[in-house]
Amino acid sequence: MNFLGNAYPWVKAAHLVFVIFWMAGMFMLPRYLVYHQEAKPGSAEAKAWVERETKLRTMILTPSIGLVWVLGLVLAVNAGMLEGVGGLGWLHAKLLLVVILSGYHGWAVGYAKKLAAGKPTLTGKQLRMLNEVPAVIVVLIVILVIVRPF
């Protein structure tokens, strides 16, 4: 516990920076999916969306989610999560939400690949509704981290 010492604020800052990058990508990718799905399959526009989605995934989303998890777990261990320190209920709830958001990330990447293969399974309205998932989860995570209600 508290093994990070003076490095703690730096690790926390890096974690937050990569959370911001990840969330930026998670807000962009679902919107890209809507536009991609509305493009005519096989068109130049559809191909451009595949390229954009691939770049977003490889340059922002994948590196960011990896660093968010690594840095976040280091911070959780530093807080004493593995030692059974009390008062970390908020952190357990946050981790559950991050797992759900990570699953959503995986779903969105998978759906992008379906669209690239010309096999959409959702309507535009359904995609637009699913766009809101990251925002709702992030609001809950921020409340848990700042308020620490339990």
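The structure we're discussing is the one just above.
Residues numbered from 1 in each chain as written. Predicted model: local features only at pLDDT ≥ 70, side-chain atom pairs only at ≥ 80, totals over all residues. Heavy atoms only, no water.

Engineer: Kindly report on the packing of aromatic side chains, identifying the contributing residues and their values.
Structural biologist: Using the criterion set out here, one finds five aromatic pairs in the structure. Ring centres of phenylalanine 18 and phenylalanine 21 lie 5.6 Å apart, and the angle between their planes is 85 degrees; this geometry places the pair in the edge-to-face category. Separated by three residues within a single helix, phenylalanine 18 and phenylalanine 21 lie in helix α1 (residues 8-38), roughly one turn from each other. Relative to tryptophan 49, the ring of tyrosine 35 has its centre 5.5 Å away and its plane inclined at 35 degrees; by these criteria the two rings are tilted. With a gap of 14 residues between them, tyrosine 35 in helix α1 and tryptophan 49 in helix α2 (residues 44-78) connect regions that are remote in the sequence. (Phe/Tyr/Trp six-rings, centres within 6.5 Å; stacked < 30°, edge-to-face > 60°. Helix = DSSP H or I, 4+ residues; strand = E, 2+ residues; numbered from the N terminus.)

Engineer: Quick rundown of the environment of methionine 23? Include the residues and the values.
Structural biologist: In this fold, methionine 23 is placed in helix α1. You can call methionine 23 buried: its relative accessible area is 8%. The spatial distance from the C-alpha of methionine 23 to the C-alpha of leucine 101 is 9.8 Å, given a sequence separation of 78 residues. In this structure methionine 23 touches Leu101 and Val138, once residues within four positions along its chain are discounted. (Buried < 20%, exposed > 50% of the residue type's maximum accessible area, 1.4 Å probe, protein only. Contact = heavy atoms within 4.5 Å.)

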